[in-house]
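Coordinate inspection notes
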Amino acid sequence: MSRFAGKRVLATGVASGVGKATAELFVAEGAEVVGIDVTPGDHHVCDLTDFGATQELVGSLGAFDVVLNIAGIVMLQHLADITLESWHKQLDVNLTAPFVVSQAALPGLLERRGNIVNVSSVAGVRGQAYSAAYCASKAGLLMLTKSMALELSQKGVRVNCVCPGGIDTPLVAEAARTMPQGLDERLMQRLYNVLPPGFSQPTEIAEAIAYLASDAARSVTGTALSIDGGIVS
Ligand SMILES: NC(=O)c1ccc[n+]([C@@H]2O[C@H](COP(=O)([O-])OP(=O)(O)OC[C@H]3O[C@@H](n4cnc5c(N)ncnc54)[C@H](O)[C@@H]3O)[C@@H](O)[C@H]2O)c1
């Protein structure tokens, strides 16, 4: 398939996990993918929480048909231990950066009647212990998606998001490595994608993103597509 032949795609978080798998899929399907990540690599290196630099970079890259806000972070913490610094960091990367990137890319998207896909999470539609800032950021991203979709619906720009459960990526490994002490195991179970087939692979999320970004989804906007084995059903 060449669903994205001739399309210009901007993707964040391309150095790892879902972003890397998604960039590879879009390239395989004919897209020119322009990547951004804070981790050095064969893409634009930019910290998305430097909002001025992000606006400037995105504004300098030309018009896009598709914008994929994939970069994200999670810090598992007891409520009492969430500092304002870690609260802001998670909100900045997971919510404010997608807004900044999308707004900066909007003139080109309007010109090309393009679309945006945001990566939210099951954490955006239900509560999870030890993840208050992450849940708040992902719920915010879901509502940003719906608000933008409605406002842009008459202008030919679609906005959707995916809500994955657990995915087998370095983000999960890092969260496990930095897990705080004294967690209630019963509450922790809710953090995992416990129903078969268990943790998703990044390629599965990439496929869902590609569907939403493709012409096959031309009537789909403001939707949150769950990829979670049914845990939020
Ligand atoms: N892994 C999961 O279980 C899971 C579940 C649901 C949703 N998600 C979401 O999927 C998305 C991708 O996560 P992943 O699991 O592939 O994680 P990952 O850690 O493998 O990849 C995240 C990427 O984002 C980049 N990034 C982080 N902070 C950045 C910043 N300030 N500026 C620029 N780039 C930055 C990282 O360098 C990394 O390349 C995230 O939004 C995450 O919240 C992940």
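Described below are features of the structure shown in this document. These numbers come from a predicted model, not from an experiment. (Residues numbered from 1 in each chain as written. Predicted model: local features only at pLDDT ≥ 70, side-chain atom pairs only at ≥ 80, totals over all residues.)

**Quick look at the overall build of the chain**
Rules: We count a stretch as a helix when DSSP gives it H or I for four or more residues in a row; a strand needs E for two or more, and each element gets its number in order from the N terminus. The globule rule is 2.2 Å times the number of residues to the power 0.38, and the radius of gyration it is compared with is taken over C-alpha atoms.
Scanning the chain from N- to C-terminus turns up 7 helices and 7 strands. Reading the helices (α) and strands (β) of the chain from amino to carboxyl end gives β-α-β-β-α-β-α-β-α-β-α-α-α-β. Rg of the C-alpha trace for the chain: 17 Å, near the compact-globule value of 17 Å for 233 residues, within the 12% margin. For the chain, the spread of C-alpha atoms along the three principal axes comes to 50 × 40 × 35 Å.

**A few points about the site of the ligand**
As a reminder of what qualifies: Here is the check we use: build the C-beta atom from the backbone, and if it is within 6 Å of the molecule or strand, call the residue near. Think of it as three bins: nonpolar holds Ala, Val, Leu, Ile, Met, Phe, Trp, Tyr, Cys and Pro, charged holds Asp, Glu, Lys and Arg, and polar takes everything else, Gly as well.
Around the ligand, the structure places 27 residues, and the nearest of them are Gly-13, Gly-17, Gly-72, Thr-169 and Leu-171. Secondary structure elements with two or more residues in the shell around the ligand: helix H1 (17-28) and helix H5 (170-177). Residue classes in the shell around the ligand are distributed as 14 nonpolar, 11 polar and 2 charged.

**So, the environment of Pro-196**
Going by this rule: Counts of 20 or more other C-beta atoms within 10 Å of a residue's own C-beta define buried residues, counts of 12 or fewer define exposed ones, and intermediate counts define partly exposed ones; C-beta atoms are placed from the backbone.
Checked against the element boundaries, Pro-196 lands in the loop between helix H6 (185-189) and helix H7 (202-213). By the C-beta count within 10 Å, which is 7 here, Pro-196 ends up exposed. Distance in space between the C-alpha atoms of Pro-196 and Gly-229 is 6.3 Å, their sequence separation being 33 residues.

**Re H7**
The condition that has to hold: Given a helix with a known number of residues, its expected span is that number minus one, times 1.5 Å. Whether two residues are in contact is decided by their C-beta atoms, placed from the backbone, lying within 7 Å.
Here H7 contains 12 residues, and its C-alpha end-to-end distance of 16 Å stays within 8% of the 16 Å for a straight helix at 1.5 Å per residue. Three or more residues of H7 are buried, namely Pro-202, Ile-205, Ala-206, Ala-208, Ile-209, Ala-210, Leu-212 and Ala-213. The elements touched by buried residues of H7 are H1, strand E4 (66-69), strand E5 (115-119), strand E6 (158-164) and strand E7 (224-227).

**Some words on unusual backbone geometry**
For Arg-113, which is not glycine, the phi dihedral falls at a positive 50 degrees. As for its position among the elements, Arg-113 is in the loop between helix H3 (84-112) and E5. Judged by the 13 C-beta atoms lying within 10 Å of it, Arg-113 falls in the partly exposed class. Even without a glycine there, the phi angle at Tyr-130 is positive, about 65 degrees. Residue position: Tyr-130 is located in the loop between E5 and helix H4 (132-152). The class for Tyr-130 is buried, based on 23 C-beta atoms found within 10 Å.

**Overview of the pairing of E4**
Heads up, the condition is: By this definition, two strands are paired if DSSP reports at least two bridges between them. Crossover handedness is defined here as right-handed if the route from the first strand over the helix to the second strand goes clockwise, with the strands pointing away from the viewer.
What you see with E4 is no split at all: Val-66 and Leu-68 on one side and Val-67 and Asn-69 on the other are buried throughout. Two elements, strand E1 (residues 8-12) and E4, share 3 bridges in a ladder whose sense is parallel. The residue of E4 that forms the bridge with Leu-10 is Val-67. Pairing geometry for E4 and E5, over 4 bridges, is parallel. Within E5, the position partnered with Leu-68 by the bridge is Val-117. Between the parallel pair E4 and E5, the chain is carried across by H3, and the sense of this crossover is right-handed.

**A word on the sheet that holds E7**
With parallel pairing, 7 strands are arranged side by side in an open sheet as E3-E2-E1-E4-E5-E6-E7. The sheet is open, and its two borders are formed by strand E3 (44-45) and E7, each paired with just one other strand.

**Comments concerning the nonpolar core**
Short version of the rule: For the purposes of this analysis, a nonpolar core is taken to be any set of buried Ala, Val, Leu, Ile, Met, Phe, Trp, Tyr and Cys residues that are connected through C-beta atoms within 7 Å.
Within the largest apolar cluster, 58 residues are counted, with the highest numbers of intra-cluster contacts made by Val-9, Val-67, Leu-68 and Ile-209. With 9 residues, the top contributor of residues to this core is H4. Leave out the neighbours within four places in its chain, and Val-67 touches Leu-10, Val-101, Ser-102, Ala-105, Leu-109 and Ile-116.

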